[in-house]
Amino acid sequence: ANMTRHAFHFGTAFVSSHWRGDTVSPDDKAQYREKVEKHFNAIVPENDLKWQPMEGDWGPNFAPEKTLQTLREMKNKGYFIRGHLLVWPGFEHTPNKYKSLHDKPE
């Protein structure tokens, strides 16, 4: 008998920009994809779903459109996807467009 799928999720923190090849060489992209596909059936986007990147504060590698495209691709490949902490405590972790409201409670 050969196991074709696990009864449990084996996951990793997933760097979307590496998967897409935005921030790594083509060889590193291929190796990253090979390792993820070989060892995991679940992913947690490392930073993409946090509030600041979703508002565009972290630059083009974290553009919401790219994040959603990558998550759709992973879902279509059969990956179980979870998010994690989306909002960090403390006003310093607030997106830039809201920082001017810090002392304006109304």
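Refer to the structure presented above.
Keep in mind that this is a model prediction, so the values were computed, not measured.

A.B. asks: How should I be thinking about the overall build of the protein chain in this particular structure?
C.D. replies: Counting its regular elements, the protein chain contains five helices and three strands. Helices and strands appear in the protein chain in the N-to-C order β-α-α-β-α-α-β-α. The C-alpha radius of gyration computed for the protein chain amounts to 17 Å, which surpasses the reference 13 Å derived for 106 residues by more than 25%, pointing to a less compact arrangement than a globule. Counting only residues that meet the buried cut, the protein chain has 24% of its 106 residues in that class. Looking at the protein chain alone, contacts between residues at least 24 apart form 69% of all its contacts between residues at least 6 apart. In the structure as shown, the protein chain presents an accessible area of about 7400 Å², 54% of it carried by carbon and sulfur atoms. Charge centroids of the protein chain, computed over 15 positive and 14 negative side chains, lie 7 Å from each other.

A.B. asks: How should I be thinking about a nonpolar patch on the surface in this particular structure?
C.D. replies: Taken together, the side chains of Trp51, Leu86 and Val87 make up a nonpolar region of the molecular surface, amounting to roughly 250 Å² of accessible area. Mapped onto the fold, Trp51 is located in helix H3 (residues 51–54). By relative accessible area, which is 31% here, Trp51 ends up partly exposed.

A.B. asks: Explain the nonpolar core to me, please; I cannot follow it from the model alone.
C.D. replies: In summary, soluble globular proteins display a tendency toward joint burial of nonpolar side chains. Counting eight residues, the largest nonpolar core consists of Phe14, Val15, Trp19, Tyr32, Val36, Ile43, Met74 and Tyr79. Contacts of Val15, omitting those with residues within four sequence positions, involve Tyr32 and Glu46.

A.B. asks: How should I be thinking about the packing of aromatic side chains in this particular structure?
C.D. replies: Under the counting rule described, the total for this entry stands at four aromatic pairs. Grouping aromatic residues by their ring pairs yields a cluster made of Phe14, Trp19 and Tyr32.

A.B. asks: Explain the environment of Pro26 to me, please; I cannot follow it from the model alone.
C.D. replies: Relative to the helices and strands, Pro26 is located in helix H2 (residues 26–39). Its relative accessible area of 68% is what places Pro26 among the exposed residues. For the pair Pro26 and Phe91, spaced 65 residues apart in sequence, the C-alpha to C-alpha distance is 38 Å.

A.B. asks: What is the right way to read the pairing of strand S2 (residues 42–45) from this model?
C.D. replies: In this sheet, S2 lies alongside strand S1 (residues 11–14) in parallel orientation, the contact comprising four bridges. By the bridge assignment, Gly11 is partnered in S2 with Ala42.

A.B. asks: Explain the environment of Gly83 here, please?
C.D. replies: Here Gly83 shows up in the loop between strand S3 (80–81) and helix H5 (96–99). The class of Gly83 is partly exposed, set by a relative accessible area of 45%. Between the alpha carbons of Gly83 and Ser16 there is a distance of 13 Å; along the sequence they are 67 residues apart. Not counting residues within four places of it along the chain, the set of residues in contact with Gly83 comprises Val44 and Leu49.

Definitions and cut-offs
- Residues numbered from 1 in each chain as written.
- Predicted model: local features only at pLDDT ≥ 70, side-chain atom pairs only at ≥ 80, totals over all residues.
- Heavy atoms only, no water.
- Helix = DSSP H or I, 4+ residues; strand = E, 2+ residues; numbered from the N terminus.
- Rg over C-alpha atoms; globule rule 2.2 N^0.38 Å.
- Buried < 20%, exposed > 50% of the residue type's maximum accessible area, 1.4 Å probe, protein only.
- Contact = heavy atoms within 4.5 Å.
- Areas by Shrake-Rupley, 256 points an atom, 1.4 Å probe, with all protein chains shown as cover.
- Lys, Arg positive; Asp, Glu negative; His and termini not counted.
- Charge placed at Lys NZ, Arg CZ, Asp CG, Glu CD.
- Patch = residues over 30% accessible without salt bridge, like charges linked within 9 Å, V, L, I, M, F, W, Y side chains within 5 Å.
- Salt bridge = Lys/Arg side-chain N within 4 Å of Asp/Glu carboxyl O.
- Core = buried A, V, L, I, M, F, W, Y, C linked by side-chain atoms within 4.5 Å.
- Phe/Tyr/Trp six-rings, centres within 6.5 Å; stacked < 30°, edge-to-face > 60°.
- Pairing = 2+ DSSP bridges.

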